[in-house]
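For reference, the chains in residue letters:
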Amino acid sequence: ALSSCDSEPGPVASRLIGPDAKEVRTAERLRRTSPQRVVARRITARPSAVDLGGRTVRTWTYDDALPGPELRTRAGDLLQVEVANDLPTETSVHWHGLALRNDMDGVPGLTQDPIVAGSRFVYEFTTADPGTYFFHPHTGVQLDRGLYGVLVVEDPAEPGGYDQEWVVVLDDWIDDTDRSPDDVYADLVSTPGMGHGGMMGAGMQSPLLGGAGDVDYPLHLINGRTARAPATLTGRPGQRARIRIVNAGSDTAFRVALGGHRMTVTHSDGFPVRPVATDALLIGMGERYDVIVDLADGAFPLVARAEGKAGAGMAVVRTGAGAAPSPGATLRELDRQVLLGTDLTAADSARLGSRDIDRDLDVVLGGGMMAYRWTINGAAYPDIDALAVAPGERVRLRLRNASMMFHPVHLHGHTFALAQGGTRKDTVVVRPRQSVEVDLQADNPGQWALHCHNAYHAEAGMMTVLSYR
Ligand code: C2O
Ligand code: CU
């Protein structure tokens, strides 16, 4: 009962018939308990005007909203999303972080045909694993225009234990009425060494990440709002809040802290970690963290500072009376203890389980600003040699950053386990001149993108494919 492409029934349509192996297993497990619940939604990608807080910009969004609509399912539900493309160009939707069937992964040229302007496509897949995810186009640098939304897959088996649940989406924003992210990308390629506002990142460096980004963004958003007219999250003193934080930025890692509070990190990219308290978290593009906070009484700034760049986003957490924090609020918490994903340890329930490695694959991240070209294993997508694996193998990816800039490396269709600490993730920050090893179980056959989640790096070639034989 799948009707997926009312425009052109191309070669993709034939692949939509019948679920893949992983989905059959999930469906079988579910059939033993209850019939599969279906969550059906429709979203439209289109040009619109959005108010960032005192400033209205023309851009592209889902359903005229920034962030786009929030989707929610329970683990095991079938999600059915009809995407209408009212943009002047083709698009696609990738479901970031989900281990889903390959033909629904949303990568044009690899897993489907592009959704051409004026047409629609129905994505339909089982949301098997609970967690915090997001969705965005996998077409050019469209993500940077504001096409993104959050998908939460709830865990019916989870004890809960919190009173509020907030979703916080971070974004870096080019507010330049004449120039779109496509123009910025064209500039990067034609004038290597230059970021949006001048020399790369105004020459700034992060002690943690080195060269911090290629594009200078004048604005930073939390839930689509600048610090001048911030989004407000409300609760009551003494309540416990779960905050699901998503970095939807294209070129900015954010250092996040909540004034007057410590955060307890509970999940990384949707999977549980051993809870650990911290003052601040460093979140790369494409990463998600869930934290728990015990709310004090008052009004507190939730700040996302652009790592190694100028500027910060801010939202307000309000539980009582008190003056609103000022937009330029600097937080002591930001410069105390800061955690990265590689500092965490997997919860026992999230362990991959030890096994001998069947296959080692090198993934060398290279390139630079001088000729604006970013590579994996020396090659720029699509002129790449895919990384071949066989179903059932335990695979170790050796991610090695040979460049002077950090790269959040994202793998589609799987979560891997960090060899150090076991944390399950699908996006991991690899710092300049550093290596990270990750293990995965090759249990989801298909063609899966593996790329840097800096939208400009990926567009300039830093992408390859994990390919099942
Ligand atoms: Cu969110 Cu291939 O990426
Ligand atoms: Cu990169």
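Residues numbered from 1 in each chain as written. Chains lettered and ligands numbered in written order. Predicted model: local features only at pLDDT ≥ 70, side-chain atom pairs only at ≥ 80, totals over all residues. Heavy atoms only, no water.

**Let's talk about the overall build of the protein**
And step 1. Tallying secondary structure elements over the protein gives four helices and 35 strands in all.
And step 2. Across the 469 residues that make up the protein, the buried fraction comes to 60%.
And step 3. Look at the contacts in the protein between residues 6 or more apart in sequence, and 75% of them connect residues 24 or more apart.
And step 4. For the protein, the computed accessible surface area is about 17,400 Å², with 49% contributed by carbon and sulfur atoms. (Helix = DSSP H or I, 4+ residues; strand = E, 2+ residues; numbered from the N terminus. Buried < 20%, exposed > 50% of the residue type's maximum accessible area, 1.4 Å probe, protein only. Contact = heavy atoms within 4.5 Å. Areas by Shrake-Rupley, 256 points an atom, 1.4 Å probe, with all protein chains shown as cover.)

**Looking at the side chain of Thr73**
And step 1. Topologically, Thr73 is positioned in strand 3 (residues 71-74).
And step 2. Excluding anything up to four places from it in sequence, Thr73 contacts Arg37, Val39, Leu79, Thr127, Leu151, Val152, Val153 and Glu154.

**A look at the coordination of the copper ion (ligand 2)**
And step 1. Here the copper ion (ligand 2) is held by the protein donor atoms His407 (ND1), Cys452 (SG) and His457 (ND1), which lie 2.0 to 2.1 Å from it.
And step 2. Between consecutive donor residues of the copper ion (ligand 2), the sequence gaps follow H-x44-C-x4-H. Of the two residues, Cys452 and His457, neither departs from the other in class, the shared state being buried. (Donors = N, O, S within 2.8 Å, 3.2 Å for Na, K, Ca; no water.)

**Thoughts on unusual backbone geometry**
And step 1. Residue Leu66 is joined to Pro67 through a cis peptide bond whose omega torsion reads -10 degrees.
And step 2. For Pro67, the location among the structural elements is in the loop between strand 2 (56-62) and strand 3.
And step 3. The amide bond that connects Tyr381 to the next residue, Pro382, takes the cis arrangement and shows omega of 5 degrees.
And step 4. One non-glycine residue, Asp269, lies in positive phi territory at about 50 degrees.
And step 5. With respect to the helices, strands and loops of the structure, Asp269 is situated in the loop between strand 18 (263-268) and strand 19 (271-278).
And step 6. In the Ramachandran plot, Arg433 falls in the positive-phi region, its phi being about 60 degrees despite a non-glycine side chain.
And step 7. With respect to the helices and strands, Arg433 occurs in the loop between strand 32 (427-430) and strand 33 (435-441).
And step 8. Accessibility expressed as a relative area gives 54% for Arg433, which makes it exposed.

**Section: the sheet that holds strand 19**
And step 1. The strand order 14-9-16-21-18-19 describes an open sheet built from six strands, whose pairing is mixed. In the strand order of this sheet, the two ends are held by strand 14 (219-222) and strand 19, each with one partner. Strand-to-strand twist of the sheet, defined as the mean angle between neighbouring strand axes without regard to direction, takes the value 25 degrees.
And step 2. Here strand 18 pairs with strand 21 (residues 288-294) via four bridges, running antiparallel. Pairing of Val265 across the sheet is with Val291, part of strand 21. (Pairing = 2+ DSSP bridges. Axes fitted to C-alpha atoms, helices over the stretch in contact; angles between N-to-C directions.)

**Regarding the sheet that holds strand 8 (residues 149-154)**
And step 1. In spatial order, the strands read 3-8-7-5; together these four strands make up an open sheet with mixed pairing. Here the strands that pair on one side only, and so sit at the sheet edges, are strand 3 and strand 5 (94-96). Recorded for the sheet is a direction-independent mean angle of 25 degrees between the axes of neighbouring strands.
And step 2. Strand direction decides the pairing type here: strand 3 and strand 8, joined by four bridges, are parallel. If you follow Arg72 over to strand 8, its bridge partner there is Val152.

Purely geometric stuff here, so don't read any function into it on its own.
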